[in-house]
Amino acid sequence: MVRRKGVLDTVITGAGVRTSHWQVVNALGKAIIAGEFPVGTTLPGDAELEARFEVSRTVLREAMKTLAAKGLVVPRARIGTRVTPKSQWNLFDGDILTWHFAVGVDENFLLHLSEIRLGFEPHAAALAARHASEADIIQMMHLAVAMGDPSHTPETMAIADLRFHLSVMEASRNPFMRTVGSLIEAALAGVFELSSPATADIRITDVSSSHIRIVEEIRRRDEDGARRAMENVILVGRNRILGAKHAAPQGGASAVSAD
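All values derive from a computational prediction rather than experimental measurement.

Asks: Would you mind showing me how to read the nonpolar core here?
Replies: Soluble, globular proteins show a tendency: their nonpolar side chains are buried together. Membership of the largest hydrophobic core comes to 26 residues, with the highest contact counts inside it found for Met140, Phe164, Val168, Ile214, Val215 and Ile218. No other element matches helix H11 (residues 204-219), which puts 6 residues into this core. Once you skip the residues sitting within four places of it in the chain, isoleucine 218 turns out to touch Ala125, Ala128, Ala129, Ala132, Ile137, Met140 and Ala226.

Below, the structure is given as structure tokens:
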């Protein structure tokens, strides 16, 4: 399975696309999420933004269309481009999630991500128990076992974790499940940022074992068992969010699962 680059890659590497269009979208998107342009206010006019970003009117207008498609702004005739209420923002959008992490997220944001994962992923695991092929199961088991590699860095562990969870979504055979991949990625990115020596007592073998259990339940075609095993992994990750957030991080991240 080929994985697109997304929220987690951006958090880990800080890298992004460097086109003129994206620079405008990225800068304005982050500014809106950060509250520099509060909800209900109007963005600066075309001439000011063209000068600020040194782009043509065509590039600027395409950038505004992109932001409007994400639900962040709406154009108003003779008024300008207005920032929309937060309830209209597409939080399933990978860019919007990335911008939230860029400007800083709080504990509630990460817990909300965990809650929505609990709404989707356990059912995806149950569907995988019903629909996964033998090839799917072999792949999931390979990914779960690979999470126990003691040579993992925080970065490689986060990627391994993400690959496993996306493989379960794929094995569910429900095309809508795959669209929540950005939410999973954002949740794992959040815990990656919060990981610290305070969580170093979590054994990497235990992390791998909890994921292997999901695959074992899927292999047994036990839908309820697969659902419970996935719930357990996500709940452990939610507790890790609380523990890491309440700890006072000192130094670098530890190589633990970001579930």
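Asks: For this particular structure, what's the right way to read the packing of aromatic side chains?
Replies: Each aromatic ring pair is characterised by the separation of its centres together with the angle its planes make. All told, the structure shown has 3 aromatic pairs when counted by the stated rule. On the basis of an interplanar angle of 90 degrees and a centroid distance of 6.5 Å, the ring pair of phenylalanine 92 and phenylalanine 120 is categorised as edge-to-face. Taken together, the residues span a long stretch of sequence, with phenylalanine 92 in the loop between strand E2 (80-83) and helix H5 (94-103) and phenylalanine 120 in helix H6 (residues 107-131) at a distance of 28 residues. Taking relative accessible area as the criterion, phenylalanine 92 reaches 39% and is therefore assigned partly exposed.

Asks: Is there a simple way to think about the layout of surface pockets in this case?
Replies: If a probe as big as a water molecule is rolled over the atoms, it shows which places are left empty. Its volume calculated, the second largest pocket comes out at about 380 Å³. Leu91, Leu97, His100, Phe109 and His112 are the residues nearest the centre of the second largest pocket, which is lined by 18 residues in total. Counting only elements with at least two residues in the lining of the second largest pocket, the list comes to H5 and H6. The leading source of residues in the lining of the second largest pocket is H6, at 5 residues.

Asks: Explanation requested: the pairing of strand E1 (residues 73-76) in the structure shown.
Replies: Consecutive side chains of a regular strand alternate in pointing toward one face of the sheet and then the other. Pairing between E1 and E2: 4 bridges, direction antiparallel. When the sheet's bridge partners are listed, valine 73 is paired in E2 with valine 83.

Asks: Which parts of the structure should I look at to understand the side chain of histidine 100?
Replies: By secondary structure assignment, the location of histidine 100 is in helix H5. Given the relative accessible area of 12%, histidine 100 is considered buried. Not counting the four nearest positions on each side in its chain, histidine 100 is found in contact with Ile33, Trp89, Leu91, Val105 and Phe109.

Asks: I tried to follow the pattern of salt bridges on my own but got confused; where do I start?
Replies: Close approach of charged atoms lets side chains of opposite charge pair. Tallied over the full model, the rule gives 14 salt bridges. Between arginine 57 and aspartate 46 there is a salt bridge, and its shortest N-O distance comes to 4.0 Å. Of this pair, arginine 57 sits in helix H4 (residues 57-69) while aspartate 46 sits in helix H3 (residues 46-53), placing them 11 residues apart in sequence. Here arginine 57 falls in the partly exposed class, since its relative accessible area comes to 37%. Measuring nitrogen to oxygen at the nearest pair gives 2.6 Å for the salt bridge that ties arginine 57 to glutamate 50.

Asks: So what exactly am I meant to see when it comes to unusual backbone geometry here?
Replies: When glycine is set aside, most residues are seen to have a negative phi, and most peptide bonds are trans. One non-glycine residue with positive phi stands out, namely glutamate 54, at about 55 degrees. Inspection of the secondary structure puts glutamate 54 in the loop between H3 and H4. On the basis of relative accessibility, which here comes to 73%, the residue glutamate 54 falls in the exposed class. A positive phi angle, near 65 degrees, is found at arginine 78, a position not held by glycine. By the secondary structure assignment, arginine 78 is in the loop between E1 and E2. Its relative accessible area of 84% is what places arginine 78 among the exposed residues.

The rules behind these values
- Residues numbered from 1 in each chain as written.
- Predicted model: local features only at pLDDT ≥ 70, side-chain atom pairs only at ≥ 80, totals over all residues.
- Heavy atoms only, no water.
- Core = buried A, V, L, I, M, F, W, Y, C linked by side-chain atoms within 4.5 Å.
- Buried < 20%, exposed > 50% of the residue type's maximum accessible area, 1.4 Å probe, protein only.
- Helix = DSSP H or I, 4+ residues; strand = E, 2+ residues; numbered from the N terminus.
- Contact = heavy atoms within 4.5 Å.
- Phe/Tyr/Trp six-rings, centres within 6.5 Å; stacked < 30°, edge-to-face > 60°.
- 1 Å grid on protein atoms, 1.4 Å probe; cavity = no way out; pocket = protein on both sides within 12 Å on 5 of 7 lines; lining within 4 Å.
- Points joined across faces, edges and corners; volume = space filled by probe spheres on them.
- Pairing = 2+ DSSP bridges.
- Salt bridge = Lys/Arg side-chain N within 4 Å of Asp/Glu carboxyl O.

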